[in-house]
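So the chains spell out like this:
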Amino acid sequence: MKTIRTLTLLLTLGLLSACGTTPQPPEATTTQQQATKAPSRLRDSQGNLKVLNYATFYSTPTTADLDELQKRDIAFVQPNAVSNENIQALQTIGYAISYLSIGEIGIYNTYYINGVPKLGWELLGWDKGDPQNHTIVGTPVIPASWVVGMNKSYQAPMLDLTNPGARAFLVSQAQALWSRQFDGLFLDTADDAEFFGAGTPSTVFENENLILYASRPSYAQMRAGYITTIKALREAYPSGILVQNGGFDLVLDSENSGDGTEGYIDAVMHEVATTRYLPPSTTQTNPTLNGANYLSWNTYYAQTPEPQRTNDQNYRINRDQHADAYLARGGVVFAQDFATPDRTDLACLSYEVSRAHGWIPAYSDAYFQKLFSYPDSTAQIRSFSGCSNYTYKNASDFSVVFQPRALTSKPGSVSTAILNVGAVNGYTSPVKLRFGKMPSGVTGSFSATQVTPGPNTQVTLTMNIASATPLKTYIVPVIASSAGASMRYDLRLNVVNVNGETVWVANAGNGTVSAFDSQANLTASSTENRKASNISQPYDIAVAPDGTQFVVENVGNPAAPQPAGRVLKYAPFSLSEPMQILSGLNYPTSAALDSTGNLWVVSSALDWSGAARGTPRISRFAPGSSTETSGFNFPAGTYGYPFRAAIDSQNRLWVSTTYGLITLFANPLTASGSAPDLVWQVSGLNPKGLTFDGQNNLYVVGNDGPNSKAVKLSTLNLISSPYTANADSRVLATYTSGLFSPFDVDVDSLGNLWVVNSTNSTGSGAGSVVRFPAVSGIPANTPNLLLNGPTQYTLGIAVSHPL
């Protein structure tokens with residue numbers, strides 16, 4: 001499945017009317033492997049589907065991509081794009097399936113020769129500088145006798161699968177992929193056999209997309225060769241999952257002398273089942289994201305003249321019929337469509353058509369570089385924007401909703417959640433519940449496995465977490481089935497080791513965020529309980545009441561593209577992998593949560609050299625949003641560039657600036673940014689981090705030359721006018737002991753004061769965490785903890801309260 005342009009190639013060959021006919025017996029046979037037919041490995045012993053969703057993704061996955069792929073029952077990936085660790089991550093609850101082209105040699109695909117990865121052009125002995133010239137400059141691994149044509153769209157040589165050597169080569173590739181612990185193979189270009197119905201085998205056939213060489217095998221011979229190849233792959237790996245892409249003329253036994261690929265494969269991919277993609281003009285930018293290039297088949301037919309229109313329609317009908325016939329025999333059909341998130345009309349059409357047939361749907365961009373999702377329940381898709389024409393909109397159905405949506409548990413514990421099983425439009429059929437593939441170390445049970453949906457129908461789900469379960473975030477898939485339809489619903493399970501109040505520390509020097517539990521027991525030599533790594537310049541942390549962390553990644557590089565920086569959202573107490581990325585920021589330095597769950601993020605617009613890179617801004621992200629909901633530009637020309645933020649008990653926003661000021665926006669939801677409601681200038685302090693205690697007192701840390709301090713300020717009886725006289729008269733307490741270039745501050749529920757130093761007393765050594773203990777709720781002036789960090793630039797701290 002390189003792109004759907006392969007289909008365009010098929011259409012130009014004029015094979016459409018022939019695909020539905022019963023083929024003639026093979027003119028020649030080849031030695032066949034003794035593989036055994038078996039039911040699909042993607043169904044259980046009762047015939048239930050083990051998989052209900054999937055994704056095709058050919059790019060190297062980011063952490064966020066892996067998080068999304070881990071929610072799929074199957075991920076189809078390129079072997080060179082994923083590490084062995086990525087493969088293991090994908091196998092948490094799903095299957096990791098490797099791409100393998102069997103009909104062609106992809107010149108930029110990865111192959112393994114004696115364990116060494118090589119690209120396709122190297123195997124052909126071609127000149128890398130001009131792979132389209134096909135000049136032989138090395139010793140080919142793929143001899144000319146194996147090649148019987150050329151897919152000119154990709155400069156891909158087409159293999160003669162009647163040749164035992166070519167088949168043995170593909171088996172060797174499969175074995176190399178098995179050794180990497182993939183769960184199976186996605187067999188692309190299986191439909192290339194159909195190309196050999198064009199022309200006469202004794203003469204060259206050529207059009208703008210294809211060359212078939214003279215003295216090539218016939219269509220019947222090639223079809224038999226493809227079936228033999230797939231049988232050889234099944235023989236080599238009996239327990240592996242084999243998914244055949246297209247090649248519907250190979251599948252059915254009744255059309256292949258009683259021995260097609262059905263029973264040897266576990267599923268077929270029905271590519272471009274409902275929607276397709278038209279390549280853009282050469283002048284168009286970002287074609288993958290341009291929704292106008294995606295369209296339904298009916299729209300395409302309306303633009304196509306006869307007789308091609310009728311031929312195309314017949315070809316699509318024939319593929320649909322073959323897919324349905326294979327499904328009826330117990331196979332599994334994946335329907336791969338193409339759209340973009342802005343084309344919800346196509347996403348909903350794809351979902352509807354696939355569900356009506358019983359196929360498993362997914363959609364992607366045409367280059368498989370993006371991960372898109374359908375809504376995860378029928379009730380949600382009915383309300384999905386753009387689905388007004390969805391034919392099930394007014395149909396009766398069931399829905400499943402978790403309460404809560406995520407569980408947080410320790411190893412060796414038990415947690416429960418409630419499943420609300422609702423009836424939509426009077427639905428009354430029984431709903432059966434079962435688990436999908438469970439993460440290792442996690443087991444579960446239901447208080448009832450069959451219920452009648454209704455407004456008060458609830459089922460208790462009990463999760464048992466083994467004591468050796470690794471600390472990370474898992475997906476627990478729940479399968480709900482009724483009246484022949486099944487849906488998968490995901491419960492997020494955060495397995496953590498939280499023993500007490502948790503201290504979170506952001507260290508920009510080594511790109512980590514560390515979590516320390518049982519803060520009362522911390523010593524100078526304590527090590528973190530959990531840690532997130534590979535974060536580009538973590539500057540700040542905001543922690544929600546449920547333990548969800550928002551880590552501000554600054555990207556402190558003057559050469560970084562604009563906008564630079566983001567916020568990483570982690571599941572409660574997990575730090576295993578971000579579950580959401582908040583983007584559109586410009587060198588962010590701070591984040592703070594208000595009482596309604598809005599996250600306020602400061603974009604400083606300053607790179608690490610202090611150079612201004614655009615406009616500083618205060619952005620608000622509503623709960624669950626990954627892009628800015630609202631915000632305002634900060635008036636840096638008058639008040640300096642913004643740095644740190646804090647929210648008080650009245651949901652007022654306080655921001656420190658590079659001019660040594662503390663600004664107040666009394667109602668940030670309506671702030672224009674033209675001027676703050678209050679500006680404080682604190683003598684002897686260049687403010688950096690801010691926080692509030694339970695009595696709404698403001699704590700500020702900073703330094704004036706060599707003098708570092710933390711101060712406690714009263715916020716009562718404020719005068720709402722700019723540049724109020726310096727706040728010395730409002731200072732309630734001052735803390736100086738153990739402070740060297742302090743950058744951030746927090747107060748825990750007991751009144752302990754926590755400060756992070758960016759460096760040590762020399763100004764060049766590792767930073768540290770300092771705690772001033774509370775005495776009757778008021779921090780003492782002398783610290784009782786100095787926890788040294790691993791490197792310089794410890795910039796952020798937060799203290800949270802575990803569930």
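These numbers come from a predicted model, not from an experiment. (Residues numbered from 1 in each chain as written. Predicted model: local features only at pLDDT ≥ 70, side-chain atom pairs only at ≥ 80, totals over all residues. Heavy atoms only, no water.)

### A few points about the overall build of the chain
Spelled out, the test is: Runs of H or I in DSSP of at least four residues are treated as helices and runs of E of at least two as strands, each being numbered from the N terminus. Under the scheme applied here, a residue whose accessible area is under 20% of the maximum for its type counts as buried, over 50% as exposed, and between as partly exposed, the area being computed with a 1.4 Å probe on protein chains only. Two residues form a contact once any of their heavy atoms are found within 4.5 Å.
Secondary structure assignment for the chain yields 11 helices and 51 strands. Buried positions account for 58% of the 803 residues belonging to the chain. Pairs at least 24 apart in sequence give 59% of the contacts found in the chain among residues at least 6 apart.

### Observations concerning the nonpolar core
Stated formally: As used in this record, nonpolar core signifies buried Ala, Val, Leu, Ile, Met, Phe, Trp, Tyr and Cys residues forming a set joined through side-chain atoms within 4.5 Å.
Grouped together as the largest cluster of nonpolar side chains are 71 residues, with contacts concentrated most on I102, I142, F169, L185 and L187. The leading source of residues in this core is helix α5 (residues 164-179), at eight residues. Those residues in contact with I142 that sit more than four places away from it in its chain are I105, L123, L124, V147, L159 and F169. Residues F76, Y277, V332 and F372 belong to the second largest nonpolar core, which totals 36 residues.

### Focus on the sheet that holds strand β27 (residues 512-516)
Hydrogen bonds between backbone atoms are what pair the strands of a sheet, whose relative direction is either parallel or antiparallel. This is how it is decided: By the convention used here, strands pair only if DSSP detects at least 2 bridges between them. All axes are obtained by fitting lines to C-alpha atoms, using only the stretch in contact for helices, and the reported angles, taken between N-to-C directions, cover 0 to 180 degrees.
On the basis of which strands lie adjacent, the open sheet formed by four strands has the order β28-β27-β26-β51 and antiparallel pairing. Looking at strand neighbours, the two that pair on one side only are β28 (530-532) and β51 (794-800), the edges of this open sheet. Neighbour-to-neighbour, the strand axes of the sheet open up by a mean angle of 15 degrees, direction not taken into account. Bridging between strand β26 (residues 502-507) and β51 involves six bridges; their strand directions are antiparallel. When the bridges of β51 are listed, V505 appears paired with I797.

### Observations regarding unusual backbone geometry
Of note, the bond from E306 into P307 is cis; its omega dihedral lies within 30 degrees of zero at 0 degrees. Looking along the chain, the bond that leaves Q403 and enters P404 is cis, with omega of 0 degrees. As for its placement among the helices and strands, P404 is situated in the loop between β17 (397-403) and β18 (406-409). One non-glycine residue with positive phi stands out, namely Q537, at about 60 degrees. Turning to its location among the elements, Q537 is positioned in the loop between β28 and β29 (538-543). Residue class for Q537 comes out partly exposed when judged on its relative accessible area of 21%. The backbone of Y587 shows a phi angle near 50 degrees, a positive value even though the residue is not glycine. Within the fold, Y587 resides in the loop between β32 (578-582) and β33 (588-593).

### Brief notes about the pairing of strand β41 (residues 687-692)
Along β41, six of the six residues are buried, which leaves the element largely enclosed by surrounding structure. Bridge count between β41 and strand β42 (residues 698-704): four bridges; the pairing is antiparallel. What sits directly across from F692, in β42, is L698. Between β41 and β42, which pair antiparallel one after the other, the connecting turn spans five residues, and N696 there sits at a positive phi close to 65 degrees.

### A word on the confidence of the model for the chain
We count it as follows: One confidence number per residue, pLDDT, is output by the predictor and ranges from 0 to 100.
Of the residues in the chain, 89% reach a pLDDT of 70 or more, and the chain-wide mean stands at 86. Per-element averaging of pLDDT across the chain places helix α1 (residues 5-12) at the bottom with 33 and strand β34 (residues 599-603) at the top with 98. Under a pLDDT of 50 for its full length, residues 2-33 has, in the predicted model, 83 contacts with residues more than four places off or in other chains. Contacts from residues 376-380, a stretch scored under 50 in pLDDT, to residues over four places away or in other chains number 14 contacts.

### Here we look at helix α6 (residues 219-236)
Threshold: Helix span, expected: 1.5 Å multiplied by one less than the number of residues in the helix.
With 18 residues, α6 extends 26 Å between its outermost C-alpha atoms, agreeing within 8% with the 26 Å of an ideal straight helix rising 1.5 Å per residue. Counting buried residues in α6 gives 15 out of 18 residues, a clear majority hidden from the surface.

### Regarding the packing of aromatic side chains
For any pair of aromatic rings, the description rests on two quantities: the centre-to-centre distance and the angle between the ring planes. Note the cut-off: Two aromatic rings, drawn from Phe, Tyr or Trp (for Trp, its six-membered ring), form a pair once their centres lie within 6.5 Å of each other, and the interplanar angle then sorts them: stacked below 30 degrees, edge-to-face above 60, tilted otherwise.
With the rule as written, the count across this model stands at 26 aromatic pairs. Look at W178 and Y237: their rings are 3.8 Å apart centre to centre, the planes differ by 20 degrees, and that puts the pair in the stacked class. Taken together, the residues W178 in helix α5 and Y237 in the loop between α6 and β11 (241-245) connect sequence positions 59 residues apart. Assessed through its relative accessible area of 9%, W178 is described here as buried. Judged by its relative accessible area of 24%, Y237 is partly exposed.

### Section: the pattern of salt bridges
Selection criterion: Each salt bridge in this description consists of a side-chain nitrogen of Lys or Arg and a carboxyl oxygen of Asp or Glu lying within 4 Å of one another.
According to the stated counting rule, one finds 21 salt bridges in the structure shown. The shortest N-O distance in the salt bridge between K71 and D67 comes to 3.9 Å. Taking the relative accessible area as the measure of exposure, D67 reaches 4% and is therefore buried. Where D345 meets R343, a salt bridge forms, and the shortest distance between an N and an O atom there is 3.0 Å. When its relative accessible area of 37% is taken as the criterion, D345 is described as partly exposed. The structure contains a network of salt bridges with shared partners spanning D67, E68, K71, R72 and R492.

### As for the sheet that holds strand β12 (residues 267-271)
Within the open sheet, the eight strands sit side by side as β1-β2-β3-β8-β11-β12-β15-β16. Their pairing is parallel. Across the chains shown, the open sheet's two edge strands, defined by having one partner strand only, are β1 (54-57) and β16 (360-364). Here the strands of the sheet are splayed against their neighbours by 25 degrees on average, with no regard to which way each runs. Note: β1 against strand β2 (residues 74-77), four bridges, orientation parallel. Bridging across to β2, Y54 finds its partner in I74. Its contacts with the sheet put α6 on β8 (184-188) and β11, and the angle it makes with β11 is roughly 160 degrees.

### What to know about helix α9 (residues 344-357)
Between its first and last C-alpha, α9 extends 20 Å over 14 residues, near the 20 Å set by a 1.5 Å rise per residue. Trailing α9 by a residue or two, G358 shows a phi angle of about 95 degrees, which is positive.

### Remarks on the pairing of β8
Burial analysis of β8 places five of its five residues in the buried class, which makes it a mostly covered element. The sheet contact formed by strand β3 (residues 95-101) and β8 spans five bridges and is parallel. The residue of β8 that forms the bridge with S101 is D188. Sheet topology places β8 next to β11; four bridges connect them, and they run parallel. Within the sheet, the bridge partner assigned to L187 lies in β11 and is Q244.

### A few points about the environment of A710
Here A710 lies in strand β43 (residues 707-713). Once the C-alpha coordinates of A710 and G689 are considered, the two residues, 21 residues apart in sequence, prove to be 9.4 Å apart.

### Brief notes about the packing of α5 against α6
Rule in force here: Handedness of a helix crossing follows the sense of rotation of the near helix relative to the far helix, less than a right angle counterclockwise being left-handed and clockwise being right-handed.
Close contact between α5 and α6 brings their axes to 10 Å; oriented N to C, the two are set at 35 degrees. As for how α5 packs across α6, the hand of that crossing is right-handed. Across the interface between the two elements, R167, L170, V171, A174, Q175 and W178 of α5 pack against G225, T228, T229, A232, L233 and A236 of α6.

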